[in-house]
Each structure stands twice: as C-alpha cells, then as structure tokens.
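A closer look at the structure
Chain by chain, the residues run as shown.
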Amino acid sequence: MAAPIVYASYPPSHLFQLPPYSDPLPIPPPHFDYLFTIPDKWFTAALDPKVPITVATVYAVTAKALNAYNKSTGKKPWAISKTRAFNAFVILHNIFLAVYSAWTWYGMLRALQNTIVSPNGPDGWAGTVDSFCKMNGPAGLKNAQTYNQGTETWGSLSGLVGAPNREQGGRLWNNGLAFYGWLFYISKFYEVLDTLIILAKGKFSSTLQTYHHAGAMMAMWAGMRYMAAPIWIFVFFNSAIHSLMYTYYTVTAFNVRVPNGIKRSLTSLQISQFIIGGSAAMVHSFVSYLVPVEGSGSTTKYQKVDCIHTTGQTFSIWLNVSYLAPLTYLFGSFFVASYLRRSKAEVVRGKTDRRRSNVVLAEKASWDAARGLEREMYGESNEGVIVEDSDESSSSSEASGVKVNGKSKN
C-alpha cells in the first residue's frame, strides 16, 4: 500500500476568525511522570487572557516610569544595586534560570523522543507530520483526536469520540508539552526581573526590550491556551538558548572572561531563533496530508487532514509570527545595511573576491546585524547582552557603518 502523502496547501479561510472560538478549552497536564502536579485550577486560571494582558501592561508602564526616574537622576545606580545582597540575588537569579531552562529543555527533548514518529515507519512522512501536528489522542496516524468547531465535538478517523483522555500517553500535549509549556509560560513573568536589574543599575530599558518581554508572555499564552502545535518550538529552542545564555551571565558575574567565539555563537543563536522559529511556526498553517481511511491497494480512499484545525491554533500561530516580525525586520535591515557598506568598503580598499568572498561578507554582516538588534533591544545598558567586543569586532562595525540606535557607527 502506498504511504500517505504530505503536501502544501492554503489554510481554510474559516480558520481566520477574530476573536477565535473559545472552545476547546486547554486540557490540564496528566498526573504522571512529573516531579509535581500542577493544580487544575492554577493551570486554567493562569491561561485566562486577563492574566498576561495585565502583567504585560503593568510591566510596560513600570519600565517606562523607571526609565523616566533614571533619567531624572542622571542614570545614577540605585543604592540597593551596590549591596552584596543585590549581587547575590543577580547571581542566584541567573543560576536559577540556567538550571530551570536546561531542565525544561531536557523534559521537552524526552517528550519529543517519546512522541515523534520516524519517517522510516509504515506511514512515512505523514506519520511524522501527524505526530508533530496533532496534540491529543492515542498514538497512531488515524487516532489523533481533533475538535470540530462546526459540531462542537471531538473525534478521530479511527472512530474515537469524546474529549481526549488527559491521562492518555502517545501525543505531545500529554507527554510533556502541557506540563513544561505551562511552566515555561509562567517563567516569562519571572523573566521581567532582567529588566528590573538593568534599571536598578541606573540604566535604561529600551522599548524593544519591553516589547520582547511583553510579547513573549502573550505568544506563550496563546500557544498554551489554544493547544497550538507550533508552541513546542518556542518551548524547546528558547529554553535551550536560555540555558546557555544564563550560564554565560552567571560565569561573567564572577568576572570570568568568556572567549569571543562562544559569545559570537550565542549571539547568533539568540537571533536565529526569531527567524527560524517564526518561519517554522508559520509553515504549520500550510501543511496537509492524506490519511488512508478504507480499502487497500489501488482502491484505497484517502482523507485530507490539515495540520491546523481550529481558529485558536491559527490565531496563536499568526500572533507569534506578528510578534517576531519586527525583530526579524530589524535584523534584516541591519544585515542589508552592513552587507552593502562592507561591500563598498571592500571595493574602496581594492580587495577582490579572491581574498574575501561574498559568503564571508554575509557572515560578517550577520554578526553586525545580530549586534545591532541586541543593542536596539537592550538600549545603551548592555546588561545581560551577548555581544562580540573584541577589537576586531569594533573595527569591523566602524568600517561597515552600521547604524545602531539611529546613529551611524561610521
């Protein structure tokens, strides 16, 4: 029998509806294989939209007010920032987030290993795509339980009816995403302490940094609230990068010099997740596959299955893409400006492609773009910022004439 087929298609228009349907409600994580149990009431209450909206608003207003305060004092560090207790808190804060992020990444890695089907199996790539796309129900190509918004019922191609069993293993939601994803969503509220640390040192918190933190809260909320498949990308990759970032911050807090190669790699990873993650999430809306429902051989009948099947999931995907779009645009702008200026500089210096290829120019431009985006995000503080600060890097930026915070480095 021929293996089911995976192909690209336009998402159904009826999935683009605002506001999205409130059903189905998010299913609390099962009570097995985890260090502790998340109370159902906590899980549900935290996913009320008023929670992230309120926290994000208070955070943005507070950051703006404290920026004004620091400006009025001439960027004088707060008294508390000069105490041993504050320094100890900063170190413990970084250690906690490094360990927590690594724990989350490992938990999600195990969940993916136990859930994602190999394309070498009998169902081919359709089985793999199905295991990524469908969050609920038993394992197996026909067993995914999806919510039909027209009939307001749950069902599957194998005949299963009724809401998914929260204790049923085999799909990514129950196998780890509901548990680790919810905690990761909550951690976005805690991460605003990064901004408070910057402000306490008398620095400014940039508008882009505020946007980044507030947007992450809303993006994670939408993914978890509507059980959107692509949210695993955010949890898995962002936790991996955060574990490295906060380890770096911890090491530098002890005045340990980190090689520039490591800093450059971390900077690249930080920025790459915006572009790759947003693109991967968007692709989910355009993926469909055919599943055999009856017959065999040449008489086999197939049914089309869309990766995304609810208005809530669609809303979550495009909210995430919209959130990442300005960051991606800034990176692209910095890259183009840096590449063009570097190319011009190479011509002026009389260098040829034999000595420096376009690939090398593009690589250098990407570093400049990453540094430019991070400086925009963290303003002039450079607290908690991973940038390459070698003499070679500085001279390269000056030669390229990259604009940072609206001012040419040239």
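About the criteria used
- Residues numbered from 1 in each chain as written.
- Predicted model: local features only at pLDDT ≥ 70, side-chain atom pairs only at ≥ 80, totals over all residues.
- Heavy atoms only, no water.
- UniProt positions renumbered as here; feature names shortened; annotations may be inferred.
- 1 Å grid on protein atoms, 1.4 Å probe; cavity = no way out; pocket = protein on both sides within 12 Å on 5 of 7 lines; lining within 4 Å.
- Points joined across faces, edges and corners; volume = space filled by probe spheres on them.
- Nonpolar A, V, L, I, M, F, W, Y, C, P; charged D, E, K, R; others polar.
- Disulfide = S-S within 2.5 Å.
- Helix = DSSP H or I, 4+ residues; strand = E, 2+ residues; numbered from the N terminus.
- Buried < 20%, exposed > 50% of the residue type's maximum accessible area, 1.4 Å probe, protein only.
- Phe/Tyr/Trp six-rings, centres within 6.5 Å; stacked < 30°, edge-to-face > 60°.

Going by what an unreviewed UniProt entry lists, the protein chain is known as Elongation of fatty acids protein and is assigned to Xylaria arbuscula. The Catalytic activity (unreviewed entry) comment attached to the protein chain in UniProt states, word for word, "an acyl-CoA + malonyl-CoA + H(+) = a 3-oxoacyl-CoA + CO2 + CoA". What UniProt records for the protein chain under Sequence similarities (unreviewed entry) is the sentence "Belongs to the ELO family."

**Observations concerning empty space enclosed by the protein**
On inspection of all chains with the given rule, the structure shows four cavities of 30 Å³ or more. Counted as a void, the largest cavity has a volume near 70 Å³. For the largest cavity, the lining is made up of 13 residues, of which Asn-136, Trp-154, Met-227, His-309 and Gln-313 are closest to its centre. Of the residues belonging to the lining of the largest cavity, the class tally is six nonpolar, six polar and one charged.

**With respect to the state of the cysteines**
The full count for this structure, using the stated rule, is one disulfide. Bridging Cys-133 to Cys-307, the disulfide has an S-S length of 2.0 Å. As the torsion about the S-S bond is roughly -100°, the Cys-133-Cys-307 disulfide counts as left-handed. In this pair, Cys-133 sits in helix H4 (residues 124-133) while Cys-307 sits in the loop between strand E5 (301-306) and helix H10 (311-348), placing the two residues 174 residues apart along the sequence. Exposure class is identical for Cys-133 and Cys-307. Each is buried.

**Focus: the packing of aromatic side chains**
Applying the stated criterion across every chain, the model contains 24 aromatic pairs. Centroid distance Tyr-100 to Trp-103: 6.1 Å. Interplanar angle 45°. Geometry classified as tilted. Taken together, the residues Tyr-100 and Trp-103, both in helix H3 (residues 84-115) and three residues apart, mark about one turn of the helix. On the basis of relative accessible area, Trp-103 is assigned to the partly exposed category, the value being 27%. Relative to Phe-237, the ring of Trp-232 has its centre 6.1 Å away and its plane inclined at 40°; by these criteria the two rings are tilted.

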